[in-house]
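# Structural overview for review
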Amino acid sequence: MTITFSNGLDIVDVEARVPDLDAHVANYLSTATPWLSSPDTQRWSVRVTVCPTDAVFRCEGKLGQGEYAEPLLTTQTGSDRLIWNLSTGSNVRCRSEDHVVDICSPNLASAFVDTYRTVRQILVRLLLRRGAAVMHASAVGGIDGVTAFVGGKGAGKTTSVWHVLSGRPAQFAYIANERVLLLPVGDEILAYGWQGTAFVGLGTLMGSVGLSGLDGIHERCLGTARLLPAHKLIEPVYVRALTRSALPPEDASYKVFLTPFEVAHLAGSTVRAGGRLRRIVFPRFAADASSRVAPTPRADASEALGGEVIDCLPDFADWLGLGGSSPSRAEAGKVLRRAVDDCDLVSVEGARLDGWIGD
């Protein structure tokens, strides 16, 4: 079966010759087709199979690191790169001139990890090569486009997402929790969510959808979370302990791990890859304050956005050899100036952070 992913401009088609792989990858990364056009659009093909362990090619190459410091052995011949992932046991062959990646894995879990990371590498790297800025932000998508929430640690970016999704699940879709890529394309600003595991504080859940929905959340979302290495699983005994008594303040900040589709499932919403940026909201969560909404002066917005640029991606090594790195703060500033000029800028403060939404 073939499933299609997009960063708004480029396309990656995944041909999954592994039972259930298509469902798990599409349950972690949002399927999409382009919503903007560009003359340099690329279309890639990723083909995935499961091979017996003794059939996986063990290449002798240069030892390097993949995402999250995974050890990789790599050999390069022209534009043809062969990778052996020592953690998953998979072979990955990237033929960048042909826009083709072949993955051969020993089992479903390994195939899933190397497939979703390959798709994300391609889609993110192609935007970075065009000069996209990476923002420390969360985002939702509505009928009029993407709303990004920007602020420092504890400002309420994640809380904003949950307030919006739980309050209006039919109007908004989940896009991202930690990182959003922004890129001017013609008269529009493309916003693409860096999808992956969301780390959500228990206090945020208590103030939006509650904790009872955590019971059995992995199974209700295909069990995809159980295929992720180093993923902190939410077991039933833990949920039962949480729901029996009120949480002390020190526990309310404890974060649980949720996949994108688990976030959407808990909120009764859906997942979207991205869209046209329409609005930037600067939240300030205050548990004991009434909601206050006001326009944000452009000078203040520029300063706030500049402080949330991510110009270093140590956990996102270029293991496919595609090039493209996070732009410097000076280069990202050009993107941010466009965003400030073209988008609605709103500040919201209080215990509820969705007051900017009109009736």
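Everything here concerns the structure above.
Below: a short report on this structure. (Residues numbered from 1 in each chain as written. Predicted model: local features only at pLDDT ≥ 70, side-chain atom pairs only at ≥ 80, totals over all residues. Heavy atoms only, no water.)

## Let's talk about the overall build of the protein chain
The helix and strand tally for the protein chain stands at ten helices and 18 strands. Overall, the protein chain is about 60 × 50 × 30 Å in size when its C-alpha atoms are taken along their principal axes. Among the 359 residues that make up the protein chain, the fraction classed as buried is 53%. Once local pairs closer than 6 in sequence are excluded, the contacts in the protein chain between residues at least 24 apart make up 74%. With an accessible surface of roughly 15100 Å², the protein chain has 52% of that area assigned to carbon and sulfur atoms. Looking at the protein chain, you have 35 positive and 39 negative side-chain charges, and the mean spots of the two groups are 1 Å apart. (Helix = DSSP H or I, 4+ residues; strand = E, 2+ residues; numbered from the N terminus. Buried < 20%, exposed > 50% of the residue type's maximum accessible area, 1.4 Å probe, protein only. Contact = heavy atoms within 4.5 Å. Areas by Shrake-Rupley, 256 points an atom, 1.4 Å probe, with all protein chains shown as cover. Lys, Arg positive; Asp, Glu negative; His and termini not counted. Charge placed at Lys NZ, Arg CZ, Asp CG, Glu CD.)

## Section: the nonpolar core
Phe112, Ile122, Leu181 and Tyr192 are the most contacted members of the largest nonpolar core, which has 51 residues in total. Judged by nonpolar contacts, the second largest core, of 32 residues, contains Tyr174, Leu211, Val346 and Trp356. (Core = buried A, V, L, I, M, F, W, Y, C linked by side-chain atoms within 4.5 Å.)

## Topic: the state of the cysteines
Across all of its chains, the model carries one disulfide by this definition. With its sulfur 1.7 Å from that of its partner, cysteine 51 forms a disulfide with cysteine 104. In this pair, cysteine 51 sits in the loop between strand 3 (43-50) and strand 4 (62-65) while cysteine 104 sits in strand 8 (residues 100-105), placing the two residues 53 residues apart along the sequence. Of the residues examined, cysteine 51 reaches a relative accessible area of 17% and is grouped as buried. (Disulfide = S-S within 2.5 Å.)

## A closer look at the packing of aromatic side chains
On inspection of all chains with the given rule, the structure shows seven aromatic pairs. Note on phenylalanine 172 and tryptophan 356: the rings are 6.0 Å apart at their centroids and 75° apart in plane angle, and the pair reads as edge-to-face. A residue pair is termed long-range when its members are at least 10 positions apart, and phenylalanine 172 in the loop between helix 3 (157-167) and strand 11 (173-176) and tryptophan 356 in the segment after strand 18 (344-350) qualify at 184 residues. The same class applies to phenylalanine 172 as to tryptophan 356, namely buried. Taking the ring centre of tryptophan 194 as reference, the NZ or CZ of arginine 179 above it sits at 4.7 Å. (Phe/Tyr/Trp six-rings, centres within 6.5 Å; stacked < 30°, edge-to-face > 60°. Lys NZ or Arg CZ within 6 Å of the ring centre and 35° of its normal.)

## Quick look at helix 10 (residues 329-342)
The end-to-end C-alpha distance of helix 10, which contains 14 residues, comes to 20 Å, matching closely the 20 Å that a straight helix rising 1.5 Å per residue would cover. For helix 10, every residue scored as buried is listed here: Ala332, Gly333, Val335, Leu336, Ala339 and Val340. On its buried face, helix 10 sits against strand 9 (133-142), strand 12 (179-185), strand 13 (188-193), strand 16 (274-285), helix 9 (298-306) and strand 18. (Expected span 1.5 Å × (residues − 1).)

## Focus on empty space enclosed by the protein
In this structure the tally under the stated criterion is three cavities of 30 Å³ or more. The space that makes up the largest cavity amounts to roughly 60 Å³. Taken together, Phe5, Ser6, Leu29, Ser30, Arg120, Leu123, Tyr192 and Gln195 make up the full set of residues lining the largest cavity. Within the residue set of the lining of the largest cavity, elements represented by two or more residues are strand 1 (2-6) and helix 2 (108-129). Here the lining of the largest cavity is composed, by residue class, of four nonpolar, three polar and one charged. Empty space within the second largest cavity amounts to approximately 40 Å³. Along its surface, the second largest cavity is lined by Met135, Ala137, Ala148, Val150, Val180, Leu182, Leu277, Ile280 and Leu305. Elements represented by at least two residues in the lining of the second largest cavity include exactly strand 9, strand 10 (145-150), strand 12 and strand 16. Class assignment of the residues belonging to the lining of the second largest cavity gives a composition of nine nonpolar, no polar and no charged. (1 Å grid on protein atoms, 1.4 Å probe; cavity = no way out; pocket = protein on both sides within 12 Å on 5 of 7 lines; lining within 4 Å. Points joined across faces, edges and corners; volume = space filled by probe spheres on them. Nonpolar A, V, L, I, M, F, W, Y, C, P; charged D, E, K, R; others polar.)

## Structural notes on helix 3
Residues spaced three or four apart along an α-helix point in a common direction, a consequence of the helix completing one turn every 3.6 residues. Counting buried positions over the eleven residues of helix 3 gives nine, a clear majority of the element. Lys157, Thr158, Thr159, Ser160, Val161, Trp162, His163, Val164 and Leu165 are the residues of helix 3 that are buried.

## Some points on the pairing of strand 1
Sheet topology places strand 1 next to strand 2 (residues 11-16); five bridges connect them, and they run antiparallel. Within the sheet, the bridge partner assigned to threonine 4 lies in strand 2 and is aspartate 13. The antiparallel hairpin formed by strand 1 and strand 2 contains four residues in its connecting segment, where glycine 8 sits at a positive phi of about 105°. (Pairing = 2+ DSSP bridges.)

## Digging into the packing of helix 3 against helix 8 (residues 260-267)
In a pair of packed helices, the angle between the axes and the distance between the axes together describe the arrangement. It is at 8 Å that the axes of helix 3 and helix 8 come closest, and there the two elements cross at 50°. Comparing their axes, helix 8 and helix 3 come out oblique. Across the interface between the two elements, Trp162, Leu165 and Ser166 of helix 3 pack against Val263, Leu266 and Ala267 of helix 8. For the contact of helix 3 with helix 8, a count of residues per class yields five nonpolar, one polar and no charged. (Axes fitted to C-alpha atoms, helices over the stretch in contact; angles between N-to-C directions. Parallel < 35°, antiparallel > 145°, perpendicular 65-115°, else oblique.)

## Describing the pattern of salt bridges
Per the counting criterion, the structure on display carries 22 salt bridges. Residue arginine 125 pairs with aspartate 318 through a salt bridge whose shortest N-O separation is 3.8 Å. Here the residue arginine 125 occupies a position in helix 2, and aspartate 318 occupies one in the loop between helix 9 and helix 10, the gap between them amounting to 193 residues. Taking relative accessible area as the criterion, arginine 125 reaches 5% and is therefore assigned buried. (Salt bridge = Lys/Arg side-chain N within 4 Å of Asp/Glu carboxyl O.)

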